[in-house]
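Coordinate analysis (summary)
Okay, here's what each chain looks like letter by letter:
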Amino acid sequence: MKVMVTGGAGYIGSVVTEELLRGGDEVVVYDSLYKGHREAVVEGAAFVKGDLLDTALLRETLAHHKVEAVVHMAADSLVGESVKVPAKYYRNNVLGGLSLLDAMLGAEVKYLVFSSTAAVYGEPAKQPIEETDPTQPTNPYGETKLAFERALRWYDSAHGLRFVSLRYFNAAGATERSGERHDPETHLIPIILQAAAGQRPEVTVFGDDYPTPDGTCVRDYIHVVDLAQAHILALHALAKGHPSSIYNLGCGGEGYSVKQVIDCARRVTGRDIPVSKGPRRAGDPAVLIASSARIVRELGWRPTQQKLDTIVESAWRWMQRKR
Ligand code: UDP
């Protein structure tokens, strides 16, 4: 299949590109490099530098490369920033997304896999979270992802554009060549590993008075390769006639608390990791755990690297190689 990956120069986009190429698909990466890194674009993929709002360039790229399906990952994704600058999130995540859909309709590309998020649920009513649970985002990031997901339903009924929306929980880990690198870094595992490597003095735990077993937030960490595999299953299912669908993507189980992740990183790295206590971070639910039963049942998705140690080890190995 010929696939365009928007945001393919980012962390998850580069791993999805790797996995697509490995499975024999062809990839064109479309990325503005506003956050992504040119060197993160996997060898073997074509590359077009462009903005999502440039509908004409998107359309030309789709037509020129005879693209059959799109994986749409380009987005702004920081909860805190979204609360401060909602306009940026509406512009890039909603307007940018609609520009992509216009280009797809123009170029007659009918399949889309969309990177959505657990943030669409807001403060969850129950755990584990199922796709049928209420969606009540508590920040513009989740709100704009949900707005685009909803637009997709109407584009399907009006234009037959079929989609799979994947609601990610906490993506983590690395492959041999691709790992997580944001600037500034806000995600827990890279921050902990930077502290282990001596690149930052300590890790601040955002709140230890949550109603969880050890008082720190519990999250559902999923290895980025397992996440990428779900995109490939979704693309191939769409091409075989699978109807538009929404799936959670996490490993389920009990999840891991912030303290457990820090202990795991101490074990894996053998390093001391200084920790300090900080206040809660605005907008953080106490627990976010996915039920991924639907994608397991309908697409046969099977995560293979669920152990936190495996996930953290892969991220640590990648970071060591980068130094
Ligand atoms: N967290 C923390 N200290 C940090 C970064 C994150 O305690 O320096 C916590 C955060 O409050 C959340 C969990 O780690 O409970 C995972 O946060 P992350 O930003 O990695 O992912 P999110 O759950 O926001 O998608």
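About the thresholds
- Residues numbered from 1 in each chain as written.
- Predicted model: local features only at pLDDT ≥ 70, side-chain atom pairs only at ≥ 80, totals over all residues.
- Heavy atoms only, no water.
- Helix = DSSP H or I, 4+ residues; strand = E, 2+ residues; numbered from the N terminus.
- Buried < 20%, exposed > 50% of the residue type's maximum accessible area, 1.4 Å probe, protein only.
- Polar contact = N/O pair within 3.5 Å; in protein donor to acceptor, adjacent residues only side chain to side chain.
- Near = heavy atom within 4 Å.
- Areas by Shrake-Rupley, 256 points an atom, 1.4 Å probe, with all protein chains shown as cover.
- Nonpolar A, V, L, I, M, F, W, Y, C, P; charged D, E, K, R; others polar.
- Pairing = 2+ DSSP bridges.
- Axes fitted to C-alpha atoms, helices over the stretch in contact; angles between N-to-C directions.
- Contact = heavy atoms within 4.5 Å.

Mapped onto the elements, S14 comes out in helix α1 (residues 11-22). Classification of S14 by relative accessible area gives buried; the value is 2%. A distance of 2.8 Å separates a polar side-chain atom of S14 from the backbone oxygen of G10.

This paragraph deals with the site of the ligand. Close contacts around the ligand come from 14 residues, with L188, T204, R219, R281 and D284 the closest. Notes on the ligand: free accessible area 520 Å², of which the protein chains cover 87%. If you list the elements that add at least two residues to the shell around the ligand, you get α6 (188-196) and β8 (203-206). A per-element tally of the shell around the ligand places β8 first, with 3 residues. Residues that form the shell around the ligand fall into these classes: 7 nonpolar, 4 polar and 3 charged.

Let us look at the sheet that holds strand β6 (residues 162-168). Spatially, β3-β2-β1-β4-β5-β6-β11 is the arrangement adopted by the 7 strands of the open sheet, whose pairing is parallel. The open sheet terminates on both sides in strands that have one partner only, identified here as β3 (46-49) and β11 (245-249). Pairs of neighbouring strands in the sheet enclose a mean axial angle of 20°, with direction left out of account. Judged from the 4 bridges that link them, strand β4 (residues 69-72) and strand β5 (residues 111-117) form a sheet pairing that is parallel. From the neighbouring strand, V71 faces β5, where its bridge partner is V113. In the packing of helix α2 (residues 55-64) onto the sheet, the strands contacted are β1 (2-6), β2 (26-31), β3 and β4, and the crossing angle to β2 comes to about 170°.

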